[in-house]
Amino acid sequence: MEIPRETLVLMLELMLKIRHFELRVKDLFAAGEIPGFVHLYLGQEAVAAGVCATLNKDDYITSTHRGHGHIIAKGADVKYMMAELYGKATGYNKGKGGSQHIAWPGLGILGANGIVSGGIPIATGAAMSAKLRKSGQVAVAFFGDGASNEGAFHESLNLAAVFDLPVVYVCENNLYGVGTRQTRVRKVENVADRAAAYGMPGQTVDGNDVLAVYRAAREAVDRARAGAGPTLIECQTYRWRTHFEGEPDTYRPPEEVEAWMRREPIAPYRQYLIEQGILSTREAEEIEQHVIVQVNDAVEFARNSPFPAPETALEDLWA
Amino acid sequence: MEIPRETLVLMLELMLKIRHFELRVKDLFAAGEIPGFVHLYLGQEAVAAGVCATLNKDDYITSTHRGHGHIIAKGADVKYMMAELYGKATGYNKGKGGSQHIAWPGLGILGANGIVSGGIPIATGAAMSAKLRKSGQVAVAFFGDGASNEGAFHESLNLAAVFDLPVVYVCENNLYGVGTRQTRVRKVENVADRAAAYGMPGQTVDGNDVLAVYRAAREAVDRARAGAGPTLIECQTYRWRTHFEGEPDTYRPPEEVEAWMRREPIAPYRQYLIEQGILSTREAEEIEQHVIVQVNDAVEFARNSPFPAPETALEDLWA
Amino acid sequence: MREISFSQAIVEATAEEMRRDPTVCVWGLDIGPYGGAFGCTRGLYEEFGPERVIDMPISELGYVGMGVGAAATGLRPVVELQFSDWITLPSDTLINQASKMRYMFGGVLSVPMVLRAPVGGYLAAAGQHSNSFESMFAHIPGLKVVLPSTPYDAKGLLKSAIRDNNTVLFFEHKKLYETKGPVPEEEYTIPIGKADIKRPGTDVTIVAYAFMVRKSLAAAEQLAQEGISVEVVDLRTVSPLDEEAILTSVKKTQRLVIVQETWRRCSVGAEVAAIVAEQALDYLDAPVVRVTAKDVPIPFSPVLENYVLPQEADIIAAVRRVLRA
Amino acid sequence: MREISFSQAIVEATAEEMRRDPTVCVWGLDIGPYGGAFGCTRGLYEEFGPERVIDMPISELGYVGMGVGAAATGLRPVVELQFSDWITLPSDTLINQASKMRYMFGGVLSVPMVLRAPVGGYLAAAGQHSNSFESMFAHIPGLKVVLPSTPYDAKGLLKSAIRDNNTVLFFEHKKLYETKGPVPEEEYTIPIGKADIKRPGTDVTIVAYAFMVRKSLAAAEQLAQEGISVEVVDLRTVSPLDEEAILTSVKKTQRLVIVQETWRRCSVGAEVAAIVAEQALDYLDAPVVRVTAKDVPIPFSPVLENYVLPQEADIIAAVRRVLRA
Ligand SMILES: Cc1ncc(C[n+]2csc(CCOP(=O)(O)OP(=O)(O)O)c2C)c(N)n1
Ligand SMILES: Cc1ncc(C[n+]2csc(CCOP(=O)(O)OP(=O)(O)O)c2C)c(N)n1
Ligand SMILES: [Mg+2]
Ligand SMILES: [Mg+2]
């Protein structure tokens, strides 16, 4: 599979943007600047970047509680994201949503979701909508390994298979749902093994290898767009941080965390691009500097933005 | 597998009892004697009989809207069942439940259920209870092909597999859910193919062959009781009647109905028992006469029983 | 004016909206060639074909959830549940997704889905096929909840529901499906959120909705023969609630009986009583009386069911009670 | 008397009942070695081991349904949801199975399950992690619904809930977990269904429950400084509802303010107002006033959330209003 240079570079940029955004959110949350709860995507950058690099602007995604990465990768502006995390009026969702509920239909982002598995039927419905409207759009549902034990997973995958919907199910298997190791809540080795129960192709890929993710997603998205139906892709990865910021890590062996952090997705990919002559070291550096500036600007933007007027709490319920 | 004579004969008796009970209910419903809705089990007798013949009295079952067969096979007295269908005070459930909600824990019957898939988690929980109480009991969840598209199916089978629960999932695949043919709502050929998604053995058997059902159930129940975990058994069968009594049959090809009625489960089995010298023709006749008398008595019992006093409607809510 | 049945009114409303707007589609169990368990989609498959009239697997969480996703992306799905009793299964979709998405997302999208579902008892259908759960959903901001009582209202309200840019739960009482009433040939709509005075009167206000409107009208008719003038206010929509209509009537009659089929605790009837206790207390000449189901699941046996569910005689007794007080 | 936290009271109640009765077991997400998302099962795994303290997959419909099956067959599962917001997912189990099984089956079995789940807002947790759905479940006959406001009540009520032979929903407010209060070392239980006067008074009755009891007490304290005597009735159980306690207090003070965190329509507060409009109308010297969440989902941004959820100042204003009327 030939991957255009532009896409190869885009994936690095997206991963770096996610990384720096999340590192900053981590610190800002610890400093008490961001209210509520945050679930960081650190370590899983290759999944969002590899999948979203295969999508068009008007393709749909649904995301999860751990959604920052997907939303950035789908093209969101970190300024409005950061403002949303701060609960500011200038955020994507006017401060009403926060970290777990960012949506922006203009980019096909149908929402992060606080209900585990909550986005899966919604993406499936968006795919049905695309199919019936003959719009050529594809929908992607991102969800975790934990979500694959929910009924919504089962019902949605069956429905998508039955109707040959243009949807790709991307399971980010990071081995844990909160403190529960997947092997204690699922007997089959791979989540992708479940695809067969719906008559749908399933594939397990290294979720820390952005090229592997991209290739699997490319194939699935193309299939979907061609009307050949849905695919389940499992991306094996790991979250660097605990489930949410502030949670003590009592349940993961430190060696495991360290081993996975050594296997982080960005540095080797950057190295690969440089070795392949796709980027110079300097260009790579510039990309990184650029996203750091973007993230810094986003923080400034968020800080300087006003809180919403309290009465705006009564707006936006009815269409 | 050696099947005791007593069991072989019991299965014939159970099938005949279900058959005659249901034929009678059909007529009584048509005559307006039975209120509400009834979903008949005619044609599927071998499944209930074959499965329940492997169970002990204190083993559990959960049943469905089409539950008369399971309940009879699990040992219920048709008198109290018929009275329940009539809404009489002498029914198993004092007229509060009716056709879709017969339960009798003394026989391990945890309830027919009006919610498609509603009994599956309950049976799973009964199995967990049996396991934790180390009682040696096994639970069986009966459900239809249609129910296997529900989230409760997925979640329950996964839970049972994870905890190696002593439960057997018996899917009665009668090709339709109401007017919807299974092939339009499921891509995999056999429901049993879904077992693999949970790391559980699955098996498809001829649900009109009571011996095949018995053998599969025997093995699964023994496995469960031995602590080796759950099994999914799919029994391929057919309902003679429409989904509920009174529904016009607009959706099934008449040839299909006729072909399946020719493949009905009782006559060939009776023939087999006679040929094998397990029963004489006369004995078989006597068994049938006996169940006919029981059903007749049940109708008389139901007819002669009083309706519950209206105020008893306020009883039985709280324990 | 011609008379058609309630279920025919549902079919007509849906068909007209499907003709008007190509994004309207119908999903549910057995709603295609089968025509729906209660005949409310009869003929739609034949007219609009398999892309707009889609038979679903028994997967309520899945296909109602799909309805939300489709509604957020350009379709207007009219999704049918075979009975409303298992609205419990897709309730996360309704309560945590559909009702909240527009708001949580700061108004950037909307979820114009209609969920149609039969409610109610009096059919010996027992505890899992006789429920009326409207009160639970009326509690949730962001959902509209409609329960028409006549073919005329059913048609006009369903058309409004389909055109509404919000999620609307449209509950149809099973005992109403075969009832007939006048429905004009010409197109019309009825606004969601407006009550209707089904019978004007001066002595007592009865607030009711859905099948209970019929029972209340029958009771009012009987009471009229004794010279008691009952005003019957049909809520038609229980969320949003037409507080003004309730208060206007109560201020006029100064006596209030609330009639609903379902249980009393935390219900629509409780809300109506609370609104009056807050906003028209001084007008009340007698304590409010609620006629509701008794506090148990709906039993199967007709003798029991009739005891548990409100009857005309209960309504008459309630009116007498508020008049005596 | 020693003081312990609300979450510690939950742990103690559970542990004591597990020691007393070997059929009591605890199921949920991360409730084993992890100790529960809010620490309410800390130490149980260590004491009772993996057969009685069982970590579940994220499968709410499945494992709550299992709880029902297990409760019907000899266990007493105490099932935890990590947040009550997704009680929507197993709601069929609660609404169509657990609550109805005993009744539909004519009393031949019972479902002694406790479902514990955190409720409530004020934490910037946004629309899907800040809900209080007790009103919806209080509507359903056959479920008991408990919401304690103090560590003492939490412990005594949870012990009663575990011993109860019916299904009990036990909602714990997240803002209460870390609050401390006196809890005796000796064993005690508190009956389900009994309200408690948390502060006696003569001028106005405030009916509240859960976290709103604390806010109401703070408001009462402030009002006392102006010479206004507020009686605070803590419902503790919203189903069954202690009508007598409500009526007794209202008959005494003749003025009623109802304070609840969640939305108003078809809510516990509506029910309280309705009961008073039915049974104590003549005692009321002023219209009833309800202090509730505004009619929108809970927004994320603290400035918005604080505007939507009831504040002490709102309670004080409401009391002033009923006194002025
Ligand atoms: C329906 C539901 N159940 C439980 C939770 C609490 N919860 C939030 S995230 C999470 C873990 C999800 O695990 P997984 O799907 O693997 O995603 P990950 O956090 O690992 O990215 C849980 C249990 C929830 N939000 N929704
Ligand atoms: C949750 C739910 N959805 C839909 C229904 C309506 N309904 C009752 S039986 C039935 C068909 C069930 O099909 P299947 O599971 O194959 O059982 P069968 O009737 O064929 O025995 C349907 C759709 C229901 N009772 N519960
Ligand atoms: Mg995970
Ligand atoms: Mg079937």
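Notes on the structure in this doc start here. In this text, all values refer to a predicted model and were calculated from it rather than measured experimentally. (Residues numbered from 1 in each chain as written. Chains lettered and ligands numbered in written order. Predicted model: local features only at pLDDT ≥ 70, side-chain atom pairs only at ≥ 80, totals over all residues. Heavy atoms only, no water.)

All names here are of chain B. Looking at chain direction, strand S6 (residues 202-206) and strand S7 (residues 231-236) are connected through five bridges and run parallel. Within S7, the position partnered with Thr204 by the bridge is Glu234. Between S6 and its parallel partner S7, the chain crosses via helix H7 (residues 210-225), and the hand of that crossover is right-handed. (Pairing = 2+ DSSP bridges. Helix = DSSP H or I, 4+ residues; strand = E, 2+ residues; numbered from the N terminus. Right-handed = clockwise from strand over helix to strand, strands pointing away.)

In many analyses, interface size is given as the accessible surface area lost on bringing the parts together. Tallying the contact residues gives 52 residues for chain D and 53 residues for chain C. Between chain D and chain C, a total of about 4700 Å² is buried, with carbon and sulfur atoms accounting for 64% of that surface. Counting across the interface, chain D meets chain C through six salt bridges. The interface formed by chain D and chain C contains 27 residue pairs in polar contact (both at pLDDT 80 or more). Secondary-structure elements contributing two or more residues to the side of chain D that touches chain C are helix H4 (91-104), helix H5 (134-138), strand S12 (237-239) and helix H9 (268-279) of chain D. Here the element with the most residues in the side of chain D that touches chain C is H4(D); it accounts for nine residues. Its residues assigned to classes, the side of chain D that touches chain C shows 29 nonpolar, 14 polar and nine charged. (Contact = heavy atoms within 4.5 Å. Buried area = accessible area lost by both parts, 1.4 Å probe. Salt bridge = Lys/Arg side-chain N within 4 Å of Asp/Glu carboxyl O. Polar contact = N/O pair within 3.5 Å; in protein donor to acceptor, adjacent residues only side chain to side chain. Nonpolar A, V, L, I, M, F, W, Y, C, P; charged D, E, K, R; others polar.)

A word on the relation of the copies chain A and chain B. The transform that puts chain A on chain B rotates by 180 degrees and translates by 0.0 Å along the axis, for an RMSD of 0.0 Å. The relationship between the two copies is best expressed as a two-fold rotation axis. Across chain A, the smallest distance between a C-alpha and the rotation axis is recorded for A:Gly151, namely 1.7 Å. (Least-squares fit on C-alpha atoms with pLDDT ≥ 70 in both.)

Lining the immediate surroundings of ligand 1 are 22 residues, of which A:His65, A:Arg66, A:Gly114, A:Asp145 and D:Glu60 lie closest. The environment of ligand 1 is shared, with nearby residues belonging to chains A and D. Contact distances for ligand 1 include 2.7 Å between an oxygen atom and a side-chain N or O atom of A:His65. Between ligand 1 and D:Trp86 there is a distance of 3.4 Å, counted from a nitrogen atom to a side-chain nitrogen or oxygen. Relative to its free-state accessible area of 580 Å², ligand 1 is covered by the protein chains to the extent of 96%. Residues belonging to the shell around ligand 1 are distributed by class as follows: nine nonpolar, nine polar and four charged. (Near = heavy atom within 4 Å. Areas by Shrake-Rupley, 256 points an atom, 1.4 Å probe, with all protein chains shown as cover.)

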